[in-house]
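Summary of structural features
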Amino acid sequence: MTGPDSSQRADLEKAVRTYGGHWDTERGLRTLRDAGHDPQDKHTRQILRDLASEGLLVKVEDRPVRYSAVRTD
């Protein structure tokens, strides 16, 4: 898939891999805005869920939803 959606996903995945730590919707939105995107809350949450389903993030809190990056080194 090409276009803005895949670009947002790629940029957010790169940031998670680079910076690690805890991630929530707000951090995802800030990261995407800093990368030059105009992200939407719902889409950003979906990207975070996708990254979690692929094993890059692990959900550590339900309300509010918060993820922790899995170390890959």
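Everything here concerns the structure above.
Attention in this report is confined to the structure presented alongside it.

Attention shifts here to the overall build of the protein. Each helix and strand counted, the protein has three helices and three strands in total. The helix and strand sequence of the protein, counted from the amino end, reads α-β-α-α-β-β. Taken over C-alpha atoms, the radius of gyration comes to 11 Å for the protein, in line with the 11 Å a tight globule of 73 residues would show. By principal-axis analysis of the C-alpha atoms, the protein measures approximately 30 × 30 × 20 Å.

Relative to strand S3 (residues 66-69), strand S1 (residues 22-23) runs antiparallel, the two being bridged by two bridges. By the bridge assignment, His22 is partnered in S3 with Ser68. Two strands pair when backbone bridges link them, and strand S2 (residues 57-61) and S3 are joined in this way by four bridges, in the antiparallel orientation. Opposite Glu61, over in S3, you have Arg66 as the bridge partner. Joining the antiparallel neighbours S2 and S3 is a turn of four residues.

What follows covers the packing of aromatic side chains. Each pair of aromatic rings is reported with the distance of its centres and the angle of its planes. In total, this model carries zero aromatic pairs according to the counting rule given. Taking NZ or CZ as reference, Arg27 lies 3.8 Å from the ring centre of Trp23, over its face.

On to the nonpolar core. Of all hydrophobic cores here, the largest spans twelve residues; its members are Leu12, Ala15, Val16, Trp23, Leu32, Ile47, Leu48, Leu51, Leu56, Leu57, Tyr67 and Ala69. Listing elements by their share of this core, those giving two or more residues are helix H1 (4-19), helix H3 (41-53) and S3. Excluding residues within four positions of it along the chain, Leu32 makes contact with Gln8, Asp11, Leu12, His37, Pro39 and Thr44.

Parameters and conventions
- Residues numbered from 1 in each chain as written.
- Predicted model: local features only at pLDDT ≥ 70, side-chain atom pairs only at ≥ 80, totals over all residues.
- Heavy atoms only, no water.
- Helix = DSSP H or I, 4+ residues; strand = E, 2+ residues; numbered from the N terminus.
- Rg over C-alpha atoms; globule rule 2.2 N^0.38 Å.
- Pairing = 2+ DSSP bridges.
- Phe/Tyr/Trp six-rings, centres within 6.5 Å; stacked < 30°, edge-to-face > 60°.
- Lys NZ or Arg CZ within 6 Å of the ring centre and 35° of its normal.
- Core = buried A, V, L, I, M, F, W, Y, C linked by side-chain atoms within 4.5 Å.
- Buried < 20%, exposed > 50% of the residue type's maximum accessible area, 1.4 Å probe, protein only.
- Contact = heavy atoms within 4.5 Å.

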